[in-house]
Amino acid sequence: MELRLIFLIAITVAASYATAFCPNARQQSSRHIASPLSMGIVDAFQKVISVEEYGVPPDATKAAARHILVQSLEEADKVLGEIDKGVTSFAALAGQYSTCPSKSRGGSLGNIGPGVISKAFDEVVFSPKTKIGEVIGPIQSQLGYHVLVVDMRLILY
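Residues numbered from 1 in each chain as written. Predicted model: local features only at pLDDT ≥ 70, side-chain atom pairs only at ≥ 80, totals over all residues. Heavy atoms only, no water.

(A) Focus on the pattern of salt bridges. In total, this model carries two salt bridges according to the counting rule given. Put simply, R66 and D151 hold a salt bridge, and the shortest N to O gap is 2.9 Å. Here the residue R66 occupies a position in strand β1 (residues 61-70), and D151 occupies one in strand β4 (residues 144-155), the gap between them amounting to 85 residues. Among the salt bridges present, the one from E82 reaches K85, with a minimum N-O distance of 3.6 Å. Residue E82 and its partner K85 are located together in helix α5 (residues 73-85), separated by three residues, close to a single helical turn. The class for K85 is exposed, based on a relative accessible area of 60%. (Salt bridge = Lys/Arg side-chain N within 4 Å of Asp/Glu carboxyl O. Helix = DSSP H or I, 4+ residues; strand = E, 2+ residues; numbered from the N terminus. Buried < 20%, exposed > 50% of the residue type's maximum accessible area, 1.4 Å probe, protein only.)

Structure follows, in structure tokens:
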């Protein structure tokens, strides 16, 4: 008799755990009425990692880019002409023409996020329309004119 009682209690406890952690178990049980506050463990995890509730993390958008910064449109056109000839590498041209400190690294800006350089720069670098590896320019910003190449883009949303 005691064994039956222990068995019955064990089944009742197991059933209550099943309905607490398995949303489908609630639908099958006719005695349990689901409330809007009740959710399964998977629903809880989805809510925790939900982009709608918390927004996109600030480091979810990154790009690796190289640029040559010059002060005039004429200089930018000259750099683009040199690139079109294909005789000199982008890194060498950055060292020769760029006014940015990145010229010592071949124009490499490393991994950057939006808002680091300028709005005009971001509109090109983070646009899905901009092809990876393609020379783009000239892009005018408050810093001058950029000739740039996007090497990598990571947008996690």
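That covers the picture; the talk isn't over yet.
(B) Main features of the nonpolar core. Within the largest apolar cluster, 13 residues are counted, with the highest numbers of intra-cluster contacts made by I68, V70, V79, I83, F90, Y97 and V147. At the level of elements, β1, α5, α6 (90-97) and β4 are the ones that each hand at least two residues to this core. Contact partners of V70, with chain neighbours within four places excluded, come to E75, A76, V79, Y97, G144 and Y145. Counting residues in each nonpolar core, the second largest holds 12 residues, with A63, I136, I139 and L148 among its members. (Core = buried A, V, L, I, M, F, W, Y, C linked by side-chain atoms within 4.5 Å. Contact = heavy atoms within 4.5 Å.)

(C) Here's a closer look at the packing of aromatic side chains. Taken as a whole, this structure holds zero aromatic pairs when the rule is applied. Directly above the ring of F90 sits R66, whose terminal nitrogen or CZ lies 5.1 Å from the centroid. (Phe/Tyr/Trp six-rings, centres within 6.5 Å; stacked < 30°, edge-to-face > 60°. Lys NZ or Arg CZ within 6 Å of the ring centre and 35° of its normal.)

(D) Fine view of α6. Buried within α6 we find F90, L93, A94 and Y97. Along α6, the residues classed as buried sweep out an arc of 105 degrees about the axis, all on the same side. (Arc of directions from axis to C-beta.)

(E) Layout of the packing of α5 against α6. Between α5 and α6, the least distance of the axes is 10 Å, while the angle of their chain directions is 155 degrees. Put simply, α5 runs roughly antiparallel to α6. As for how α5 packs across α6, the hand of that crossing is right-handed. Of the residues in α6, those in contact with K78, V79, E82 and I83 of α5 are F90, L93 and Y97. When grouped by side-chain class, the residues that make up the contact of α5 with α6 number five nonpolar, no polar and two charged. (Axes fitted to C-alpha atoms, helices over the stretch in contact; angles between N-to-C directions. Parallel < 35°, antiparallel > 145°, perpendicular 65-115°, else oblique. Left-handed = near helix turned anticlockwise from the far one by under 90°. Nonpolar A, V, L, I, M, F, W, Y, C, P; charged D, E, K, R; others polar.)

Spatial relationships are all this shows, so hold off on functional conclusions.
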